[in-house]
There are 2 protein chains.
Amino acid sequence: MMPLPGLFLGAHGDQAGRLGIVSSSPPQCKTLTPAGQEQIIGNDCTFMPITIKDVARESGVNTSTVSRALNNGYGVNDETRKHVIAVAARLNYRPNRVARGLVTGRSHSLALLVSDIRNPFFAEVARGAEDAARSGNCDLVLCNSDLNADKQMQYVQSLLEKRIDGILMNSVSMLNEEQQAQLVASGVPIVLLNRSPSNHTFSTVCADNESGGALAAKYLLNLGHRKIAHLTGPRQHGNLTDRARGFVRALQTAVDPVQPTVLHGKFNFAGGAELTRKLLDEHQGITAVFAANDVMAFGVVRAALDRGLRIPEDLSLIGFDNIEFSGIVHPPLTTIHQPKYEMGYAAVEILLRLAREKAKQTPEHRLLGVELIERESCRSPLAKPRGSSKRSLV
Amino acid sequence: MMPLPGLFLGAHGDQAGRLGIVSSSPPQCKTLTPAGQEQIIGNDCTFMPITIKDVARESGVNTSTVSRALNNGYGVNDETRKHVIAVAARLNYRPNRVARGLVTGRSHSLALLVSDIRNPFFAEVARGAEDAARSGNCDLVLCNSDLNADKQMQYVQSLLEKRIDGILMNSVSMLNEEQQAQLVASGVPIVLLNRSPSNHTFSTVCADNESGGALAAKYLLNLGHRKIAHLTGPRQHGNLTDRARGFVRALQTAVDPVQPTVLHGKFNFAGGAELTRKLLDEHQGITAVFAANDVMAFGVVRAALDRGLRIPEDLSLIGFDNIEFSGIVHPPLTTIHQPKYEMGYAAVEILLRLAREKAKQTPEHRLLGVELIERESCRSPLAKPRGSSKRSLV
DNA sequence: CCGATTGTCGGGAACGTTTGCAATAACAGA
DNA sequence: TCTGTTATTGCAAACGTTCCCGACAATCGG
């Protein structure tokens with residue numbers, strides 16, 4: 001198939017021999033059909049990309065020299081390097097990263113394993129992760145686990161088969177001990193998007209949830225609220241627990257301590273609405289609500305409006321995450337900003353470092369700061385605006 | 001490094017020889033350190049995954065037999081196949097997909113190349129695409145082009161180097177002729193998420209935008225609206241143009257024709273708000289607005305509220321896309337549902353088919369249906385509700 | 001002028017699979 | 001018993017890189 005081998009005299013250091021060398025049939029697909037062989041090739045263009053051998057033959061050097069010239073460039077003469085690069089450019093040579101990965105053992109691709117990319121939080125993390133991966137000359141494969149342990153392990157297995165260089169994971173909390181041990185035994189670098197519950201064998205990137213909760217508490221206190229509620233998810237959820245702890249602790253340790261009402265439920269839109277209904281039914285006089293995330297806060301808005309309560313006139317509301325829609329909805333939601341993009345970026349930075357170091361992995365932990373985004377969903381409970389309706393709760 | 005070669009007698013058809021064969025040092029990492037060699041191995045666990053050779057040696061057959069037994073299973077004795085599978089399971093063998101990809105030429109991975117995954121539309125497409133890819137035993141790499149032509153081409157080059165099996169692309173409209181020709185010349189299967197503007201060399205998956213526009217028009221007409229506006233993006237945008245065409249045409253061809261006001265601008269939140277301000281300033285008595293997508297519709301809501309207009313009491317509003325937040329915001333947005341998940345799924349199905357067929361690619365075009373989602377942002381202009389404010393426009 | 005060092009390059013063995021081809025055994029029909 | 005067919009398996013060549021190692025020339029220190 002490969003025509004005319006052994007035609008070239010590889011004269012050592014012979015510049016003319018390299019530059020002016022007679023070119024064999026150029027390896028473009030169209031000209032690969034000399035007369036008399038047409039029936040062999042067939043009429044459909046058998047697409048054969050040019051390899052490092054083609055570049056080597058065309059430039060009169062060995063494949064190893066081509067590899068050196070194109071990669072690091074060390075240990076190869078300056079002129080030959082330029083020549084090889086020129087020939088490679090002329091032939092439009094593209095290295096086969098699969099073959100390279102086979103010998104180097106690195107696939108130059110990372111994985112993002114989240115519960116669902118449709119969650120706007122993860123979408124933003126993904127964007128940061130992809131940008132970081134790209135700047136590290138890697139690409140990012142996307143996996144949706146749906147928080148299913150088996151599915152997650154299947155993904156990991158599949159990724160290991162592709163010799164993935166590292167995995168950025170949403171969570172490992174739903175994995176049992178054996179599965180977690182299997183992960184560490186696999187030897188692949190792993191960064192978690194939240195703090196590891198038990199062990200510290202995995203690297204982690206996490207927003208400072210506890211400080212965020214405290215931030216929300218102080219903000220509501222400063223506005224003058226005294227009857228405060230916190231709607232959050234199940235007690236097992238690490239991140240949400242941290243937020244609740246920071247929130248409650250800041251309220252309790254204030255100069256004039258406050259004991260908030262804390263309700264647990266589902267941490268989605270429906271959960272926020274449901275908990276709000278429960279709150280309004282069973283607790284009187286609440287003036288401010290801290291929702292564990294923005295989507296729950298949207299559920300609060302819905303339930304409050306259904307009860308004839310206006311935000312912020314009748315009820316102040318603060319969320320957590322600062323997803324893009326929080327600034328778009330009405331009223332624009334005051335919330336705790338979580339640096340989602342930066343978290344994805346930082347996580348992949350760690351992953352790239354771990355992938356570079358072949359030595360024993362030293363896990364790294366980054367805690368990223370949060371900040372309060374003040375918009376229009378909170379107000380002082382004392383300032384009764386014009387036309388404030390006097391509707392009581394239920 | 002690999003210990004003890006040539007110790008096994010590969011007796012043909014000797015079951016005892018296969019099953020009861022003496023096992024060499026099992027290739028687990030921990031037991032690879034016999035006494036006296038500790039200083040060679042080192043203390044860090046040099047992670048060496050087991051290969052097909054280990055399985056072959058352990059089961060007393062050749063690597064080719066192992067390959068056949070584990071893959072298609074054709075051409076290998078039933079008992080030996082079971083035995084090989086058992087040995088592979090015992091050793092926890094995982095095939096190296098990189099090595100396989102090198103010889104087969106298929107990487108078993110597809111790419112999703114969109115402008116920005118943070119756009120919830122693409123997030124949903126991505127989820128559908130990933131599910132389809134997974135069911136086809138492929139994985140999906142994520143690329144964000146930011147609608148930048150150079151960036152897009154760089155991604156394609158990088159993906160080609162990885163011998164990607166197919167690419168699902170947002171758009172090629174920003175690519176010039178030469179770049180598009182380069183794409184088709186690369187030979188990689190490509191599916192576009194919208195209709196190809198000029199040529200039909202690419203496969204396409206597209207929602208029926210024109211019908212969607214007509215659906216919105218008929219809905220507003222049925223409600224009794226006569227003063228209707230359409231806010232849309234720039235004239236070059238194919239999808240939005242189709243929606244506008246269907247909308248306008250349906251209004252004009254109605255039994256009692258209506259000539260709508262059509263305004264062009266940016267197709268994001270700010271654009272929706274800006275166009276709404278312009279609309280309210282320059283056109284009197286508009287009772288219904290059709291926004292080219294839901295995010296623009298949110299901008300309409302914002303601008304309308306700022307002007308003291310309530311939705312739907314003072315202004316009916318209908319969007320396009322039916323992103324998740326459309327059902328969450330207040331008021332819940334009536335909109336045209338676009339099957340985003342199904343579009344991603346269908347596109348990858350086509351991609352998988354194209355990747356399987358090595359013959360000349362026959363492009364496939366799928367047009368997916370849309371439907372009206374009736375929520376609470378539209379109302380008949382005749383029915384003036386209780387307490388309707390009489391505030392005039394400006 | 002000679003040995004040692006350095007720079008440059010080619011040869012060739014990996015990396016872990018798949019797969020075409022040949023070899024052997026089993027088995028059938030005659 | 002001989003021959004042809006089939007089933008099963010081994011052998012070895014790919015696939016396209018990287019990289020160790022040795023060969024050779026040039027340079028340099030003495």
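Parameters and conventions
- Residues numbered from 1 in each chain as written.
- Chains lettered and ligands numbered in written order.
- Predicted model: local features only at pLDDT ≥ 70, side-chain atom pairs only at ≥ 80, totals over all residues.
- Heavy atoms only, no water.
- Near = heavy atom within 4 Å.
- Polar contact = N/O pair within 3.5 Å; in protein donor to acceptor, adjacent residues only side chain to side chain.
- Helix = DSSP H or I, 4+ residues; strand = E, 2+ residues; numbered from the N terminus.
- Nonpolar A, V, L, I, M, F, W, Y, C, P; charged D, E, K, R; others polar.
- Phe/Tyr/Trp six-rings, centres within 6.5 Å; stacked < 30°, edge-to-face > 60°.
- Buried < 20%, exposed > 50% of the residue type's maximum accessible area, 1.4 Å probe, protein only.
- Lys NZ or Arg CZ within 6 Å of the ring centre and 35° of its normal.
- Contact = heavy atoms within 4.5 Å.
- Salt bridge = Lys/Arg side-chain N within 4 Å of Asp/Glu carboxyl O.
- Pairing = 2+ DSSP bridges.
- Axes fitted to C-alpha atoms, helices over the stretch in contact; angles between N-to-C directions.
- Least-squares fit on C-alpha atoms with pLDDT ≥ 70 in both.
- Buried area = accessible area lost by both parts, 1.4 Å probe.

**Here we look at the protein's contact with DNA strand D**
The environment of DNA strand D is formed by 30 residues, the closest being I52, S67 and N71 of chain A together with T65 and N77 of chain B. Sugar and phosphate atoms constitute 67% of the interface atoms of DNA strand D, taking the interface as everything within 4 Å of the protein. N71 of chain A places a side-chain nitrogen or oxygen 2.7 Å from a phosphate oxygen of DNA strand D. In the model, a base nitrogen of DNA strand D is placed 3.0 Å from a nitrogen or oxygen of the S64 of chain B side chain. For the surface near DNA strand D, the secondary structure elements donating two or more residues are α3 (52–59), α4 (63–70) and α6 (97–104) of chain A together with α4 (63–70) and α6 (97–104) of chain B. Across the surface near DNA strand D, the residue classes break down as 10 nonpolar, 14 polar and six charged.

**Description of the packing of aromatic side chains**
The geometry of two aromatic rings is summed up by the distance between their centres and the angle between their planes. Under the counting rule described, the total for this entry stands at 11 aromatic pairs over all chains. Summarising the aromatic geometry, the rings of F298 of chain A and F325 of chain B are spaced 5.6 Å apart at their centres and angled 85° between planes, so their arrangement reads as edge-to-face. Of this pair, F298 of chain A sits in helix α13 (residues 294–306) while F325 of chain B sits in the loop between β9 (316–321) and β10 (334–337), each in a different chain. Like F298 of chain A, the residue F325 of chain B is buried in the burial classification. Plain terms: the ring middles of F121 of chain B and F122 of chain B are 5.4 Å apart, the flat faces sit at 75° to each other, and that makes the pair edge-to-face. Grouped by ring-pair contacts, the aromatic residues F298 and F325 of chain A together with F298 and F325 of chain B constitute a single cluster. Its guanidinium or amino end placed over the ring of Y155 of chain A, R134 of chain B lies 4.8 Å from that ring's centre, counting from NZ or CZ.

**Describing the environment of A346 of chain A**
All names here are of chain A. Note that A346 resides in helix α14 (residues 340–356). In this structure, the C-alpha to C-alpha distance between A346 and L368, residues 22 residues apart in sequence, is 9.3 Å. A346 has contacts with V205 and R366, leaving out every residue within four places of it along the chain.

**Topic: the pattern of salt bridges**
Tallied over the full model, the rule gives 52 salt bridges over all chains. Note that R118 of chain A and E124 of chain B form a salt bridge whose closest N and O atoms lie 4.0 Å from each other. One end of the pair, R118 of chain A, is in the loop between β1 (109–114) and α7 (120–135); the other, E124 of chain B, is in helix α7 (residues 120–135), on a second chain. Measuring nitrogen to oxygen at the nearest pair gives 3.3 Å for the salt bridge that ties K162 of chain A to D139 of chain B. Residue K162 of chain A is found in the loop between α8 (149–161) and β3 (166–169), and its partner D139 of chain B is found in strand β2 (residues 139–144); the two belong to separate chains. Given a relative accessible area of 5%, D139 of chain B falls into the buried group. Shared partners join several salt bridges into a network, and the residues in it are D116, R118, D146 and K151 of chain A together with E124, R127 and D131 of chain B.

**Here we look at the protein's contact with DNA strand C**
Neighbouring DNA strand C are 28 residues; T65 and N77 of chain A together with I52, S67 and N71 of chain B lie closest to it. When the atoms of DNA strand C within 4 Å of the protein are grouped by moiety, sugar and phosphate amount to 66% of the total. Within the contact set of DNA strand C, a phosphate oxygen lies 2.6 Å away from a backbone nitrogen or oxygen of N77 of chain A. At 2.9 Å, a side-chain N or O of R100 of chain B approaches a phosphate oxygen of DNA strand C. Those elements that place two or more of their residues in the surface near DNA strand C are α4 and α6 of chain A together with α3 (52–59), α4 and α6 of chain B. Among the elements that make up the surface near DNA strand C, the one with the highest residue count is α6 of chain B (four residues). The class makeup of the residues in the surface near DNA strand C is nine nonpolar, 13 polar and six charged.

**With respect to the sheet that holds strand β7 (residues 261–264) of chain B**
Note: strands within a sheet are paired through backbone hydrogen bonds, in either parallel or antiparallel orientation. All names here are of chain B. Read from one edge of the open sheet, six strands run β7-β6-β8-β9-β10-β12, paired in mixed fashion. The open sheet is flanked by β7 and β12 (371–373), the only strands paired with a single partner. Shown here is a sheet whose adjacent strand axes are inclined to one another by a mean of 20°, direction ignored. Where β9 and β10 come together, four bridges link them in parallel fashion. If you follow I318 over to β10, its bridge partner there is T334. Taken strand by strand, helix α10 (residues 209–223) contacts β6 (228–232), β8 (288–291), β9, β10 and β12, and its axis lies near 165° from that of β9. Most of the contacts of helix α11 (residues 238–252) go to β6, to which it runs at about 170°, and overall it touches β6, β7, β8 and β9.

**Regarding the relation of the copies chain B and chain A**
Each copy superposes on the other: chain B lies on chain A with an RMSD of 0.1 Å after a rotation of 180° and an axial shift of 0.0 Å. Both copies are brought into coincidence by an operation consistent with a two-fold rotation axis. Measuring from the rotation axis to each C-alpha of chain B, the shortest distance belongs to V141 of chain B, at 2.0 Å. A high fraction, 98%, of the interface residues of chain B reappear at the interface in chain A, so the copies pair face to face through one surface.

**With respect to the interface of chain B and chain A**
Counting residues at the interface gives 56 residues for chain B and 55 residues for chain A. Summed over both sides, the interface between chain B and chain A buries roughly 5,200 Å², with carbon and sulfur atoms accounting for 56% of that surface. Remark: the boundary between chain B and chain A carries 10 salt bridges. Across the pair D116 of chain A and R127 of chain B runs a salt bridge whose closest N-O atoms are separated by 3.1 Å. For the pair chain B and chain A, the number of links is 26 residue pairs in polar contact (both at pLDDT 80 or more). Here the residues of the side of chain B that touches chain A sort into 27 nonpolar, 13 polar and 16 charged. Relative to β2 of chain B, strand β2 (residues 139–144) of chain A is paired through three bridges, and the arrangement is antiparallel. Residue pairing across strands places L142 of chain A opposite L140 of chain B, the latter belonging to β2 of chain B.

**Topic: the sheet that holds strand β10 (residues 334–337) of chain A**
Residue and element names in this part refer to chain A. As summarised here, the arrangement of the six strands in space is β7-β6-β8-β9-β10-β12, forming an open sheet in which the pairing is mixed. Edge strands, defined here as strands with exactly one partner in the open sheet, are β7 (261–264) and β12 (371–373). Put simply, the sheet's adjacent strands are angled 20° from each other on average, direction ignored. Of the pairings in the sheet, the one linking strand β8 (residues 288–291) to strand β9 (residues 316–321) comprises three bridges and is parallel in character. Its bridge partner being in β9, F290 is matched across the sheet by I318. Where helix α12 (residues 269–282) meets the sheet, its contacts fall on β6 (228–232), β7 and β8, and the angle it forms with β6 comes to roughly 145°.

**Topic: unusual backbone geometry**
For the peptide bond that leads from I311 of chain B to P312 of chain B, omega is 10°, which places it in the cis range. H330 of chain B connects to P331 of chain B through a cis peptide bond whose omega is -5°. By the element assignment, P331 of chain B lies in the loop between β9 and β10. Phi at N92 of chain A is positive, roughly 60°, even though this residue is not glycine. Along the chain, the position of N92 of chain A falls in the loop between α5 (78–90) and α6. On the basis of relative accessible area, N92 of chain A is assigned to the partly exposed category, the value being 44%.

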